[in-house]
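Residues per chain, in single letters:
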4 protein chains.
Amino acid sequence: MIVLMEPTATEGQIADVVERLIAAGVSMQRLDGDRVTIAATGGNTAAAGDSGVDGMAGVAAVIAGSGGTPMVTARESPGNGGVATLATGPAARPERGFQVRGRWIGGTGLFFAAGPCSVEDPETMAAIAAEVAAAGGTALRAGAYKPRSSPYSFQGMGEAGLATARSAADAHGLLLVSEVLDATQIPIATRYVDILQVGARNMYNTSLLRELGRSRRPVLLKRGLAATIDEWLSAAEYIVSAGNPRVILCERGIRTFETATRNTLDLNAVPVVRERTHLPILVDPSHGTGLRTYVRPMARAAIACGADGLLIEVHTDPDRALSDAAQTIDPLTLRQVIRDAEAIRAAGEVDDAYSRATIG
Amino acid sequence: MIVLMEPTATEGQIADVVERLIAAGVSMQRLDGDRVTIAATGGNTAAAGDSGVDGMAGVAAVIAGSGGTPMVTARESPGNGGVATLATGPAARPERGFQVRGRWIGGTGLFFAAGPCSVEDPETMAAIAAEVAAAGGTALRAGAYKPRSSPYSFQGMGEAGLATARSAADAHGLLLVSEVLDATQIPIATRYVDILQVGARNMYNTSLLRELGRSRRPVLLKRGLAATIDEWLSAAEYIVSAGNPRVILCERGIRTFETATRNTLDLNAVPVVRERTHLPILVDPSHGTGLRTYVRPMARAAIACGADGLLIEVHTDPDRALSDAAQTIDPLTLRQVIRDAEAIRAAGEVDDAYSRATIG
Amino acid sequence: MIVLMEPTATEGQIADVVERLIAAGVSMQRLDGDRVTIAATGGNTAAAGDSGVDGMAGVAAVIAGSGGTPMVTARESPGNGGVATLATGPAARPERGFQVRGRWIGGTGLFFAAGPCSVEDPETMAAIAAEVAAAGGTALRAGAYKPRSSPYSFQGMGEAGLATARSAADAHGLLLVSEVLDATQIPIATRYVDILQVGARNMYNTSLLRELGRSRRPVLLKRGLAATIDEWLSAAEYIVSAGNPRVILCERGIRTFETATRNTLDLNAVPVVRERTHLPILVDPSHGTGLRTYVRPMARAAIACGADGLLIEVHTDPDRALSDAAQTIDPLTLRQVIRDAEAIRAAGEVDDAYSRATIG
Amino acid sequence: MIVLMEPTATEGQIADVVERLIAAGVSMQRLDGDRVTIAATGGNTAAAGDSGVDGMAGVAAVIAGSGGTPMVTARESPGNGGVATLATGPAARPERGFQVRGRWIGGTGLFFAAGPCSVEDPETMAAIAAEVAAAGGTALRAGAYKPRSSPYSFQGMGEAGLATARSAADAHGLLLVSEVLDATQIPIATRYVDILQVGARNMYNTSLLRELGRSRRPVLLKRGLAATIDEWLSAAEYIVSAGNPRVILCERGIRTFETATRNTLDLNAVPVVRERTHLPILVDPSHGTGLRTYVRPMARAAIACGADGLLIEVHTDPDRALSDAAQTIDPLTLRQVIRDAEAIRAAGEVDDAYSRATIG
């Protein structure tokens, strides 16, 4: 259970609320941001719900949420502004999704982020961005800081790469998504990037998650290689509970015994996530399969089961991509992928299981 | 590489072919059925392909095929009838799929098998069959022999169950799919059933597979809990190489660390299988998720990435199903599932990767 | 809970016991063998335990057992002969293990079964058997029926192979272990073999398990590739509940994402199994690693955590073994393995967690 | 292949070596530390080995090493000081292991690190340290920075906890092992801790690994939840290639489908790691099983297959441990574990597969 205080709430009002919750027998965590939030995570939350906190002075909203991830599974209480509302403004779809610089993610339209695995030279970046925009993409994705298995592999272009990617994105009206590997890169990346990506190998990096929670920039959080969906939502809770409600989940395949594909894309995760949280979910069929032949059919499947969009590796000359060439598609295939996705979405939207689910 | 002899080929002609292949340096296996088939699986198959066997007396066709599964990965050689053609007749789509009592599977239309996990009483079976037919289903599925983890669990109704299911299917013009657990059940089941199912727990049961290869009845082969796609195709090769070309593959989820769903539905397997073999592939979103809420979105995804149809657990009163109640949907949801599937298929068919793939 | 009737119990006495258990509210399964056994698997077994069945006429013993596998988790009640006792005779260690033709398995000594993956020619088999005996082995293992992924791979020598292996075993005073793939092979194999093996790929083959339960021959039951320990014990329950109490479990590695070894040897399973059941457990480090370099250290580890012995692939010329050459060790290494195992066992036996565990 | 330059090598000598290697067609990475090291990781390293670099002015040693992890798989070339030698001094066992404040790890003796999951109050820490020392332990382990799934769980005591643990360790002559979660904690932790631990959830955190490579403090690197052994060695290479040769590997269980234990302890990894690298390896049977009943047998198994020691959770009152209570043993069991380990090691040491292996 989450208690959102008014931005104008006084310390005295906060103390009163805490006292009432103590009397109801719950554990609490106070989170300070624009406003104070109190997360009640243990004990008798049912009693706390009945304790009348809802009507106390300085309280903006009381939000139900389940288990160890109250904020990412929170739904607004009737008549109050909920967490999602905070993120998206009062008028628009309160249940799921939010906006990033005027583009909806998790709303009725689809969100497509595409680009090379690693930032390349300015000419190549410009050419790729032009193709992404022409295909109907929403954002350019390109890595400037690369998490590599080997210390001897190319580690990315750093800030110079971010500047190159930003120029290419701006020239074609695209948002920019790029990965950060540690907290020291956040202030630099924030100068260039619209959505900060957390890679699969950093999903458990709680120091990084907490720092991203202090940022105002939306975060794209990839699922860990062997992370359960519960752990993934807990990672999102680290970010949201630290004050940043705009987290985008991204399924990118898990590690199993199967070797015909690089990873096993767990599309079951899409309806499970939609049932449990209001956060939007993208699918990355490039890492999820590891082979370009399978990107298009799996992109179709992702949209069909309810993904809010796709994260895709594309290059004007896929075989010459600086990394992940085997899973990188060409611009023509990207157009087909986006056209397919729109056609499948038009064939009927998946019910919003989240809004139907009963959450205690 | 596969050499199909004419049904009228003499032993002398067969011996000549064998001699030519020996000279080309390959290993061989002779398979006797309506006609003799010679599978060349090792050595220098390229040389064998160039050896002129194609034009020898008594040879009906020479079919390229890859690795250890030449027959399930075989494609017809130009100007000859291939394996698929043998199964389906000369006129229709030679590349993929075949007919079962006049219904195409793997062709342009979709194939829906639905019904209860276990056969129930005649009234319930009749009611369920009526609903399956009304929803647009192709076949009734119902288990009379059940593979249960515990020896104390309900083991199915046996032959009486098959008779009940057959009556229900006939009354509504449906095909009947049912599982066999060992070779002794094949003659009994063949009296009632149109498609003999091999369950996930029996995928490696080579004695059963070989016996099913001697049957004329099509076989629905589920993927094993931890079977690689290669092993699954090898299991199909057991059946096809023993003389039965009509094998239907069925992805039903693999075992991973994730516990939010009963299994992890590996939809990557759909395009991988379509690339490697002409055999049709169904998806079972009931076992693939284990929870009825997720059946509809995952059925959509399965069709979107190229599945030829679905295998679904449905019951007129899901909570009272004799087994697998948690993953069983109701008739209304089945209608939505089939309507969704048709709409997604209409939104554009997946390219037939198999027909484009280069197979050595 | 298991009720063992006296061999002399009358049908009237059996009916009285059943009535008493019905009154106590449990589900029952009657198993007919040398004596009648009644397995109470559901409902209020605590009430059943208090119902006084223990003292009724014709009742030989009442044995506690947990969950869905009452017989393999059964322990004898004080003052009565338990399931294990039935198998092993009244005098010796009642808690764990049993004898096979006079050799203990699961007792204080270790049990070593070694030999080639597949039966080879008589000279090779004789040479290998001589080495196994000289190294201190208890049994010869050799496959005559081989479960192969590909239908084109060598499928074993069948009955001729069994005869060859039997002669080799007899000449050196060894027991013989060999695999059966389906029920039709049981009568043939029983003529030659002391312990019938169920391979990992057949662990879920309930038809085969049930038939083996009707045999008097001990069964070596390998764990399935992706079987949980619970499922493995349920497979053992199929055999024991059908009347054959002498089941030997064998851990042989499970399937995971790791590719440095062929399988991941799950030695955790050894103490888990020892805690839950009186059945003995062997470990197969040959399949568990897939590479001969790792067989010796993992054999050491297996004994150190409480395995009752080892199943090992050995050949006088490992590189020429007909199958599984990469994981086959030579006779010198076998001597080191057995010497290591005895030294580690002498360094202190693992506590018998099973006899300490509290089972409801 | 690694070329170690003399500490006195001039830039001109370095340039000559680089030129020779370029001529031999390899890729290179220059690593600057006390001395310059040149890692040649791609191309024709055989030609490079034959290129005569070994005898060039300023070259201290040329060390063979395999694939993408030349430094952790490096072995000294005959007659020169190798990487391991650099770490351990000229006199002692050059092949494996090194010293930490005078205590060998990876040598002939065993290394035992034990203590509570989280630092507790000073009295409890003192009592636990006394027990660890009395049992024969080498190091106290206790977490002050805790990586928790939930942001609402106890996150550890931070620097105050480190000070408490240091005092307890010093009072009983123990080394101190403690985890760091990000680079900012390294300078603080270095004031108190002898061995800096990287947890399983941070194994892929290359920013952290690189910073630890700049430290002089030994690093205990746990295997990631779903990390292959190759990836784990690559993580070690990040640390070693950045200048810190003293890395201790620690197997702690991987994530699989089995739920009877918290993780699946992959003891196969012990001989695999011993074959591939000179780095010492510990095993953590506490996390590897998740249940205290299984800690003792699995600790025995770990030593039996060649582990250099153990990392164990122990508490004077296990049920009251602040975290991981279910897998925490009591002091009496710790004594048994260490006594068992010494007895098993005395029963015969595993051959050093590493020193026998042929590495290209």
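Cut-offs used in this document
Residues numbered from 1 in each chain as written. Chains lettered and ligands numbered in written order. Predicted model: local features only at pLDDT ≥ 70, side-chain atom pairs only at ≥ 80, totals over all residues. Heavy atoms only, no water. Helix = DSSP H or I, 4+ residues; strand = E, 2+ residues; numbered from the N terminus. Buried < 20%, exposed > 50% of the residue type's maximum accessible area, 1.4 Å probe, protein only. Contact = heavy atoms within 4.5 Å. Areas by Shrake-Rupley, 256 points an atom, 1.4 Å probe, with all protein chains shown as cover. pLDDT = per-residue confidence, 0-100. Salt bridge = Lys/Arg side-chain N within 4 Å of Asp/Glu carboxyl O. Least-squares fit on C-alpha atoms with pLDDT ≥ 70 in both. Pairing = 2+ DSSP bridges. Axes fitted to C-alpha atoms, helices over the stretch in contact; angles between N-to-C directions. Polar contact = N/O pair within 3.5 Å; in protein donor to acceptor, adjacent residues only side chain to side chain. Right-handed = clockwise from strand over helix to strand, strands pointing away. Expected span 1.5 Å × (residues − 1). Parallel < 35°, antiparallel > 145°, perpendicular 65-115°, else oblique. Left-handed = near helix turned anticlockwise from the far one by under 90°. Nonpolar A, V, L, I, M, F, W, Y, C, P; charged D, E, K, R; others polar. Buried area = accessible area lost by both parts, 1.4 Å probe. Phe/Tyr/Trp six-rings, centres within 6.5 Å; stacked < 30°, edge-to-face > 60°. Lys NZ or Arg CZ within 6 Å of the ring centre and 35° of its normal. Disulfide = S-S within 2.5 Å.

Enquirer: What am I meant to see in the overall build of chain A here?
Expert: Looking only at helices and strands, chain A features 13 helices and 14 strands. Put simply, chain A has 360 residues, and 63% of those count as buried. Considering only contacts within chain A whose residues lie at least 6 apart along the sequence, 66% involve residues at least 24 apart. When the accessible area of chain A is evaluated, it comes to approximately 11600 Å², of which 49% is carbon and sulfur surface.

Enquirer: It is not clear to me how the confidence of the model for chain A should be interpreted in this structure. Could you clarify?
Expert: The predicted coordinates of low-pLDDT regions are not to be read in fine detail. Residues and elements named next belong to chain A. Across chain A, pLDDT averages 86, with 86% of residues at or above 70. Contacts for the low-pLDDT stretch residues 76-94, under 50 throughout, to residues beyond four places or in other chains number 37 contacts. Interface confidence for the predicted complex, given as ipTM, is 0.85, next to a pTM of 0.87.

Enquirer: How should I be thinking about the pattern of salt bridges in this particular structure?
Expert: Two side chains bearing opposite charge may form a pair once their charged atoms approach each other closely. Residues and elements named next belong to chain A. Scanning the entire structure with this criterion turns up 80 salt bridges over all chains. Arginine 166 is the partner of aspartate 194 in a salt bridge, and the nearest nitrogen-oxygen pair spans 3.0 Å. Of this pair, aspartate 194 sits in the loop between α6 (186-190) and β10 (195-198) while arginine 166 sits in helix α5 (residues 159-171); the two residues are 28 residues apart in sequence, bridging distant segments of the chain. With a relative accessible area of 5%, aspartate 194 lands in the buried category. The exposure class of arginine 166 is buried, given its relative accessible area of 11%. The network of salt bridges with common partners includes Arg101, Arg166, Asp170 and Asp194.

Enquirer: What is the right way to read the relation of the copies chain B and chain A from this model?
Expert: These two copies of the chain differ by a rotation about an axis and a displacement along the same axis. Between chain B and chain A, which share one sequence, the superposing operator has a rotation angle of 180° and an axial displacement of 0.0 Å; the RMSD is 0.1 Å. On this basis, the relationship between the two copies can be described by a two-fold rotation axis. Of the C-alpha atoms belonging to chain B, the one lying closest to the rotation axis is found on Ala301(B), 2.0 Å away. The overlap is high: 100% of the interface residues of chain B also sit at the interface in chain A, so the same surface is used on both sides.

Enquirer: Can you help me understand the sheet that holds strand β1 (residues 2-5) of chain B in this one?
Expert: Residue and element names in this part refer to chain B. The strand order β2-β3-β1-β4 describes an open sheet built from four strands, whose pairing is antiparallel. Unpaired on one side and paired on the other, β2 (28-32) and β4 (59-63) mark the two borders of the sheet. Taken over all neighbouring pairs, the strand axes of this sheet differ in orientation by 15° on average, direction set aside.

Enquirer: What am I meant to see in the sheet that holds strand β3 (residues 36-40) of chain C here?
Expert: Picture the strands of a sheet paired through backbone hydrogen bonds; they go either parallel or antiparallel. All names here are of chain C. The four strands are arranged β2-β3-β1-β4 in an open sheet whose pairing can be described as antiparallel. A single partner strand is all that each edge strand has here, and the edge strands are β2 (28-32) and β4 (59-63). Here the average twist between neighbouring strands, direction ignored, is 15°. The sheet contact formed by strand β1 (residues 2-5) and β4 spans four bridges and is antiparallel. Note on β4: the bridge partner recorded for valine 3 is valine 62.

Enquirer: In this structure, what is going on with the environment of Ser241(A)? I would like to understand it.
Expert: Residue and element names in this part refer to chain A. Turning to its location among the elements, serine 241 is positioned in helix α8 (residues 229-241). For serine 241 and alanine 39, which are 202 residues apart along the polypeptide, the C-alpha to C-alpha distance reads 8.4 Å. Here tyrosine 238 takes part through its backbone oxygen, which lies 3.4 Å from a polar atom of the side chain of serine 241.

Enquirer: Looking at this model, I keep getting lost on the pairing of strand β7 (residues 111-115) of chain D. Mind explaining?
Expert: Residues and elements named next belong to chain D. Of all the five residues making up β7, five are buried; the element is thus mostly covered by neighbouring parts of the structure. The side-chain alternation of β7 yields two buried faces, one formed by Phe111, Ala113 and Gly115 and the other by Phe112 and Ala114. Examined bridge by bridge, β7 and strand β14 (residues 309-313) share five bridges and lie parallel to one another. Bridge pairing links glycine 115 to glutamate 313 in β14. Crossover connection from β7 via helix α4 (residues 122-135) to parallel strand β8 (residues 139-141): handedness right-handed.

Enquirer: What is the right way to read helix α5 (residues 159-171) of chain C from this model?
Expert: Three or four residues apart is the spacing at which side chains of an α-helix point the same way, because the helix has 3.6 residues per turn. All names here are of chain C. For α5, with 13 residues, the first-to-last C-alpha span of 19 Å sits near the 18 Å given by 1.5 Å per residue. Turning to α5, its buried residues number three or more, namely Gly161, Leu162, Thr164, Ala165, Arg166, Ala168 and Ala169. Among the structural elements, α4 (122-135), β8 (139-141), β9 (175-179) and α6 (185-190) are those in contact with the buried residues of α5. Backbone geometry just downstream of α5 places glycine 173 in the positive-phi region, at approximately 65°.

Enquirer: How should I be thinking about the environment of Gly348(B) in this particular structure?
Expert: Position of Gly348(B) relative to the elements: it lies in the loop between α12 (331-346) and α13 (353-356). In this structure the C-alpha to C-alpha distance between Gly348(B) and Asp330(B), which are 18 residues apart in sequence, comes to 28 Å.

Enquirer: Honestly, the pairing of β14(D) in this entry has me stumped. Any pointers?
Expert: A regular strand places its side chains on the two faces of the sheet in alternate fashion. Of all the five residues making up β14(D), five are buried; the element is thus mostly covered by neighbouring parts of the structure. Because side chains alternate across β14(D), one face comprises the buried residues Gly309(D), Leu311(D) and Glu313(D), and the other comprises Leu310(D) and Ile312(D), equally buried.

Enquirer: Sorry if this is basic, but what is going on with the packing of helix α4 (residues 122-135) of chain A against helix α12 (residues 331-346) of chain A here?
Expert: For any two helices packed against each other, the geometry is given by the interaxial angle and the distance between the axes. Residues and elements named next belong to chain A. Following both chains from N to C, one finds α4 and α12 inclined at 25°, their axes separated by 9 Å at the closest point. Taken together, the axes of α4 and α12 lie roughly parallel to each other. Our pair here, α4 against α12, has a crossing hand that is right-handed. On α12, the residues touching Glu131, Val132, Ala134 and Ala135 of α4 are Pro331, Leu334, Arg335 and Ile338. Across the contact of α4 with α12, the residue classes break down as six nonpolar, no polar and two charged.

Enquirer: Would you mind showing me how to read the interface of chain B and chain A here?
Expert: Where the parts come together, the accessible area they lose is often given as the size of the interface. With 40 residues of chain B in contact, the opposing surface of chain A contributes 40 residues. Interface area, chain B with chain A, both sides summed: about 3200 Å², of which 60% is carbon and sulfur. Contact with chain A buries area across many residues of chain B, yet Phe257(B), Asn268(B) and Arg300(B) alone supply 20% of it, more than any other trio. The interface formed by chain B and chain A includes two salt bridges. The tally of links between chain B and chain A comes to 12 residue pairs in polar contact (both at pLDDT 80 or more).

Enquirer: Teacher, can you tell me more about the packing of aromatic side chains here?
Expert: Note on aromatic pairs: each is described by the distance of the centres and the angle between the planes. Evaluated as defined, the whole model comprises zero aromatic pairs over all chains. Against the face of Tyr204(C) rests Arg201(B), its NZ or CZ located 5.1 Å from the ring centre.

Enquirer: Would you explain unusual backbone geometry in this entry?
Expert: Outside of glycine, negative phi angles account for most residues, and trans bonds account for most peptide bonds. All names here are of chain A. The phi dihedral of arginine 101 falls on the positive side, at around 45°, and the residue is not glycine. In this fold, arginine 101 is placed in the loop between β5 (98-100) and β6 (103-105). By relative accessible area, arginine 101 is classed as exposed at 57%.

Enquirer: How do you make sense of the state of the cysteines when you look at a structure like this?
Expert: By definition, a disulfide is the covalent link that joins the sulfur atoms of two cysteine residues. Enumeration according to the criterion identifies zero disulfides over all chains in this entry. Free cysteine Cys117(C): the closest other cysteine sulfur is in Cys250(C), separated by 13 Å.

Enquirer: Looking at this structure, how should I read the packing of helix α8 (residues 229-241) of chain C against helix α9 (residues 269-276) of chain C?
Expert: All names here are of chain C. Two elements in contact, α8 and α9, have axes separated by 11 Å at closest approach and are oriented at 50°. By the criterion of interaxial angle, the relationship of α8 to α9 is oblique. Of the two possible hands of crossing, α8 and α9 adopt the one that is right-handed. The residues of α9 that touch α8, namely those facing Ile229, Asp230, Trp232 and Leu233, are Ala269, Val272, Val273 and Arg276. Grouping the amino acids of the contact of α8 with α9 by side-chain chemistry returns six nonpolar, no polar and two charged.

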